[in-house]
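Coordinate inspection notes
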Amino acid sequence: MTTRRQGAAWVFLSPWVLGAVVLTLLPMLISLYLSFTDYDLFDAPNWVGIRNYAQMFTEDPRFWRSVGNTALYVVIAVPLQLAAALVVALALNSVKRGKGFYRSAFYAPSLLGASMSIALVWRAMFNDGGTVDSVLSSVGLDLGGWVNQPGWALLTVALLTVWQFGAPMVIFLAGLQQIPRELYEAAAVDGASRWRQLLSITLPMLSPVLFFNLVLQTIQAFQVFTPAFAISGGKGGPADSTLVYTLYLYDRAFTASHMGYASAMAWVLLVAIGLVTALLFRSSRSWVFYADKGA
Amino acid sequence: MRRKWTTVSALACCLTVLCGLVAACGGAEGVSGGVALRFSWWGNEGRAKATEKAIAAFRRTHPGITVQTSFSSYEPYKQKLATQAAGGDAPDVMQLDYRQISQYAGSGILLDLAKRPELRRDQMDPALLRTGQLGGVQYAVPMARGTQAIAYDSTLWAKAGAAEPAATWTWDDWAAAWRKVAAATGKAGSTDPGYSEDWFEVWLRGKGKALYDGGGIAFTDEDLAEFWQWCTTLRREGAVSSARQTTQMDGALDNTPMGRGNAVSDPSWDAASSGYKSLVGDSVRIAPMPVGPDGKPGQYFKPAMLIGVSARSPHPAEAAMLIDFLLNDPGAGEVLGVSRGIPVNDGVRAKVDPGLKGFDRRIADLQKGLEGRLAPPPPAPPKGDNTLQSTFQRDYDQVSFERMSPLEAARDYLTEAAAELKQ
């Protein structure tokens, strides 16, 4: 009986298993192999040992620039995005009428934002003579186009991400609705202010959801590509200021044809994301509160 | 019984999926009874129309050969072609850039065209033909002839009281004119030339030097620092475009300072400059590039693009016939006109020339004026140079945004260049 059932399970799983093996596992293993070679798309790969990895860490200033840019981007974009999502979710949670409409309206940017076209519109808005430049100039702040200045360009990429706070917002909303009403009623009876309730009830009760969002958005932020690619015209400029990790990886792979080096970079990114996620999980022990565990 | 059914259905499922995969990987087969060639190239709509017309004419004279074309703009084309070549699936006939030749030839992707009698080369300029050779093997042939030129808005130029540019103008003569134009118009006199390896090469050649010499870099950090220092002085004076403007250069004319209305001239390529007509107006003119301090021109006749045949093509003879038709047939020459630059075949060029009007006329006249005065073009840049163009612009960004001194950035560039060329 069980074997027959298992057989049926494998039949139904077979499309997925095939897909996972052929389209994900196999390419990953091949890229692991290529990361130890000098593969350049044109000639057969030669084994070079850890040269790619050594070169990355010791003699490639652009690699470190891309790491720095990505770290800066994660540190700016993730907290801002989560803060925006949380504030809007809190506001929406207390809205009585038209909640569905507002929820959709705030979610809409997330549907559009990942696309190339929005990134191009974003570039036009923050360009010399674009909307942002014109509006700021009209109030006497002549900063010029943000995308053409090394100090500002990465910020425009981060802002594009922050604007797409829809997904974490919806998850926050769901989390907020799970918090038992009695807690607030009891707090109100004890004379706790709204602010006090937020700090002592909402945030602790929401911390598992906050943690979930933090992990998810951090992983995504490390892999940011489309907005940086579109806003810098694929070059990571001006002066490498928007050269994020995946953009540099793409540059090595497809512009410079150093596939082996790019494969090595991909594996370093995978390990780095794994480490950061592990750190987040470790830190969660001290700040995430699970109500059911405590009881 | 049921057990058996499960096994059978499992096998059936696997087979279905496998069939799908095999079919997807199969690719297009030739049309039965005839020869099907694949021809890829980069360009715009105008070039596409001319090319399709020429291919229709080819099919009339060569029944039994069909040609499937595909085209896109340059950057995506470059990446797609590299991926195809890596998969052993390069098109039969492919358009190539000067900077791709070493890479493709060195990797055995291209056929030796000298061994294909179908492709006649006797009416082509030998110096230009050599740009498609590597180690004596003709991997590709030039499709058209182009050269560097400075495009400028002649109305604003005259209004500013600057003299008409002359073929004898040195870099400093140009700088003086740029200052004058900038002071009178409030716009930059020119795009800052420091962003591009192409203009640096003209500057170097004017001094009797070169970018490459037998595969390695042939100039010193001091040469490059001197050029960038010269640009920096002009940039600080406002005679050439600011860092913010220059950093937007990406190969598209509408993103140049001149295309955006912030500068009055732009170092460019002769055929490409015709695009300024729609951005600036009919007052656009082209002038030869500045000459070196002792009057030596640094610019050269360059293959605007080359064309080659895949070494794996099952139909090398037909592929060579197609190229021969596109480059040597007078009828095709008439249809293609100067959509890729001035024709390389002397006979076709002479035939097309009288019919040229407007900007095409200016391009032809500019080239005529330069004939006999220019040093031969350098051999194809070494493998790795493809990447160095963007490295050059990036390093100059560091200079123009005042994050590095010209000498620091020049050393940075040479370090990276050495690493790229070694690989």
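Residues numbered from 1 in each chain as written. Chains lettered and ligands numbered in written order. Predicted model: local features only at pLDDT ≥ 70, side-chain atom pairs only at ≥ 80, totals over all residues. Heavy atoms only, no water.

**Regarding the overall build of chain B**
Our working rule: Numbered from the N terminus, helices here are DSSP runs of H or I no shorter than four residues, and strands are runs of E no shorter than two. As a reference, a globule follows 2.2 Å times the number of residues to the power 0.38, and the radius of gyration itself is taken over C-alpha atoms. Two residues form a contact once any of their heavy atoms are found within 4.5 Å. In this description, accessible areas are obtained by the Shrake-Rupley approach with a 1.4 Å probe, and a residue is regarded as covered only by the protein chains that are shown. Charged-residue counts in this description rest on Lys and Arg as positive and Asp and Glu as negative, His and the chain ends being excluded. Taken as the charge location is NZ of Lys, CZ of Arg, CG of Asp or CD of Glu.
Helix and strand counts for chain B stand at 17 helices and 13 strands. In terms of overall dimensions, chain B is globule-like: its C-alpha atoms have a radius of gyration of 24 Å, near the 22 Å expected for 423 residues. Projected onto its principal axes, the C-alpha positions of chain B cover 90 × 55 × 40 Å. Sequence-distant contacts, at least 24 apart, represent 75% of the contacts inside chain B between residues at least 6 apart. Carbon together with sulfur atoms contributes 54% to the accessible area of chain B, which is approximately 17,800 Å² in total. Across chain B, the centroid of the 47 positively charged side chains sits 5 Å from that of the 48 negatively charged ones.

**As for the sheet that holds strand β11 (residues 284-287) of chain B**
Residues and elements named next belong to chain B. The cut-off we apply is this: Paired strands, in this sense, are two strands between which DSSP finds at least two bridges. Axes here mean lines fitted to C-alpha atoms, for a helix over just the part in contact, with angles spanning 0 to 180 degrees between N-to-C directions.
Taken in spatial order, the three strands line up as β10-β7-β11 in an open sheet, and their pairing is antiparallel. Of all the strands in the sheet, the pair left with one neighbour each is β10 (265-269) and β11. Taken pair by pair, the neighbouring strands of this sheet meet at an average axis angle of 35°, ignoring direction. As defined by bridge partners, strand β7 (residues 148-153) adjoins β10 across five bridges and the pair is classed as antiparallel. Along β10, the bridge assignment pairs Tyr152 with Ser265. Sitting on the sheet, helix α8 (residues 197-206) is in contact with β7 and β10, with an inclination near 90° to β10.

**Topic: α8 of chain B**
Let me state the cut-off plainly: Summary of the burial criterion: residues with accessible area below 20% of their type's maximum are buried, those above 50% are exposed, and those between are partly exposed, where the area comes from a 1.4 Å probe applied to protein chains only.
Within α8 of chain B, ten of the ten residues are buried, which leaves it mostly tucked inside the rest of the structure. All of the buried residues in α8 of chain B are Glu197, Asp198, Trp199, Phe200, Glu201, Val202, Trp203, Leu204, Arg205 and Gly206 of chain B.

**Quick look at empty space enclosed by the protein**
As a reminder, the rule being used: Put plainly, a pocket is an open set of points on a 1 Å grid over the protein atoms alone with protein on both sides within 12 Å along at least five of seven lines, a cavity is a set where a 1.4 Å probe fits but cannot get out, and a lining residue has an atom within 4 Å of a point. Grid points are joined across faces, edges and corners, and a volume is the space filled by probe spheres set on the points. Following the grouping adopted for this structure description, the nonpolar residues are Ala, Val, Leu, Ile, Met, Phe, Trp, Tyr, Cys and Pro, the charged ones are Asp, Glu, Lys and Arg, and the polar ones are all others, Gly among them.
This structure, assessed with the given rule, holds three cavities of 30 Å³ or more. Roughly 150 Å³ of internal volume is contained in the largest cavity. Around the largest cavity, the lining is made up of 13 residues, and of these Met143, Leu326, Leu336, Gly337 and Pro343 of chain B lie nearest the centre. When contributions to the lining of the largest cavity are tallied by element, the ones reaching two or more residues are β6 (141-146), α12 (316-328) and α13 (330-336) of chain B. Residue classes in the lining of the largest cavity are distributed as eight nonpolar, four polar and one charged. One number sums up the size of the second largest cavity: a volume of about 40 Å³. Lining of the second largest cavity is provided by Arg62, Arg65 and Asp240 of chain A together with Arg394, Asp395, Gln398, Asp412 and Glu416 of chain B. For the lining of the second largest cavity, the elements supplying multiple residues, two or more each, are α3 (61-93) of chain A together with α16 (385-400) and α17 (406-422) of chain B. Here the element with the most residues in the lining of the second largest cavity is α16 of chain B; it accounts for three residues.

**Observations regarding the packing of aromatic side chains**
Here is the rule: Each Phe, Tyr or Trp ring (for Trp, its six-membered ring) is paired with any other whose centre lies within 6.5 Å, and the angle between the two planes then decides the class: stacked below 30 degrees, edge-to-face above 60, tilted in between. In this scheme, Lys NZ or Arg CZ marks a charge over a ring once it lies within 6 Å of the ring centre and within 35 degrees of the ring normal.
One pass over the full model with this rule turns up 39 aromatic pairs over all chains. Taken together, a centroid distance of 5.4 Å and an interplanar angle of 40° make the contact between Tyr250 of chain A and Phe254 of chain A tilted. Here Tyr250 of chain A pairs with Phe254 of chain A, and both are found in helix α12 (residues 245-255), just four residues apart, close to one helical turn. Its relative accessible area of 33% is what places Phe254 of chain A among the partly exposed residues. Here the aromatic rings of Phe200 of chain B and Phe227 of chain B are separated by 5.2 Å at their centres, their planes lie at 45°, and the arrangement is tilted. Here Phe200 of chain B, found in helix α8, pairs with Phe227 of chain B, found in helix α9 (residues 221-237); they are 27 residues apart in sequence, far enough to count as distant. When sorted by exposure, Phe200 of chain B lands in the same class as Phe227 of chain B, which is buried. The side chain of Arg145 of chain B reaches across the aromatic face of Phe301 of chain B, ending 3.9 Å from its centre. Across from the ring centre of Trp41 of chain B, 5.0 Å away, lies the NZ or CZ of Arg340 of chain B, which sits over that ring.

**With respect to the interface of chain B and chain A**
Worth spelling out the cut-off: As a working definition, buried area equals the accessible area (1.4 Å probe) given up by two parts on being put together, with both sides summed. Should a side-chain nitrogen of Lys or Arg be within 4 Å of a carboxyl oxygen of Asp or Glu, the pair is scored as a salt bridge.
Taken residue by residue, the interface counts 34 residues in chain B and 33 residues in chain A. At the boundary of chain B with chain A, total buried surface from both sides reaches about 3,000 Å², with 52% on carbon and sulfur atoms. Across the contact surface, chain B and chain A share four salt bridges. Note that Arg394 of chain B is salt-bridged to Asp240 of chain A, the shortest N-O span being 3.7 Å.

**Overview of the side chain of Ser241 of chain B**
All names here are of chain B. Note the cut-off: Any pair of nitrogen or oxygen atoms within 3.5 Å is treated as a polar contact; in protein, a donor-acceptor pairing is required on top of that, and neighbouring residues in sequence qualify only through side-chain atoms on both sides.
You can see Ser241 is positioned in the loop between α9 and α10 (243-246). At a separation of 2.9 Å, a polar atom in the side chain of Ser241 contacts the main-chain amide nitrogen of Asp192. The residues contacting Ser241, other than those within four sequence positions of it, are Ala188, Ser190, Thr191, Asp192, Arg235, Thr246 and Pro257.

**Description of the packing of α16 of chain B against α17 of chain B**
Residues and elements named next belong to chain B. Heads up, the rule is: When an angle is under 35 degrees it counts as roughly parallel; over 145 it counts as roughly antiparallel; between 65 and 115 it counts as roughly perpendicular; any other value is oblique. Whether a crossing is left-handed or right-handed is set by the direction in which the near helix is turned from the far one by less than a right angle, anticlockwise for left-handed and clockwise for right-handed.
Contact geometry of α16 with α17 gives a least axis separation of 9 Å together with a crossing angle of 165°. By the angle between their directions, the pair α16 and α17 is classed as roughly antiparallel. For the pair α16 and α17, the sense of crossing is right-handed. For the pair α16 and α17, the contacting residues are Asp385, Thr387, Leu388, Thr391, Phe392, Arg394, Asp395 and Val399 in the first and Pro406, Ala409, Asp412, Tyr413, Glu416, Ala417, Glu420 and Leu421 in the second. Here the contact of α16 with α17 is built from residues that sort into eight nonpolar, two polar and six charged.

**Things to note about the sheet that holds β6 of chain B**
Residue and element names in this part refer to chain B. One open sheet accounts for six strands, arranged β2-β1-β3-β12-β6-β13; its pairing is mixed. Each end of this open sheet is capped by a strand with a single partner; those strands are β2 (65-72) and β13 (342-343). For strand β1 (residues 35-42) and β2, the ladder comprises eight bridges, and the chain directions are parallel. Paired with Ser40 across the two strands is Ser70, which belongs to β2.

**Some remarks on a nonpolar patch on the surface**
Here is the rule we go by: Patch membership needs two things, relative accessible area over 30% and no salt bridge, and members are linked within 9 Å if like-charged or within 5 Å if nonpolar (Val, Leu, Ile, Met, Phe, Trp, Tyr).
Among the surface-exposed residues, Val21, Val22, Leu23, Leu25, Leu29 and Leu32 of chain A lie close enough to one another that they form a single nonpolar patch of about 500 Å² accessible area. Structurally, the position occupied by Val21 of chain A is in helix α1 (residues 2-34).

**Here we look at the nonpolar core**
Soluble globular proteins tend to bury their nonpolar side chains together. For the record, the criterion: In these notes, a set of buried Ala, Val, Leu, Ile, Met, Phe, Trp, Tyr and Cys residues joined through side-chain atoms within 4.5 Å is what counts as a nonpolar core.
Within the largest apolar cluster, 133 residues are counted, with the highest numbers of intra-cluster contacts made by Tyr73 of chain A together with Phe39, Tyr104 and Ile307 of chain B. The element contributing the most residues to this core is α3 of chain A, with eleven residues. In this structure, Phe39 of chain B is in contact with Thr51, Ile55, Val67, Gln68, Thr69, Ser70, Val93, Ile307, Leu322, Leu326 and Arg340 of chain B, ignoring residues within four places of it in sequence. Tyr152, Trp169, Cys231 and Val399 of chain B belong to the second-largest nonpolar core, a separate cluster that totals 44 residues.

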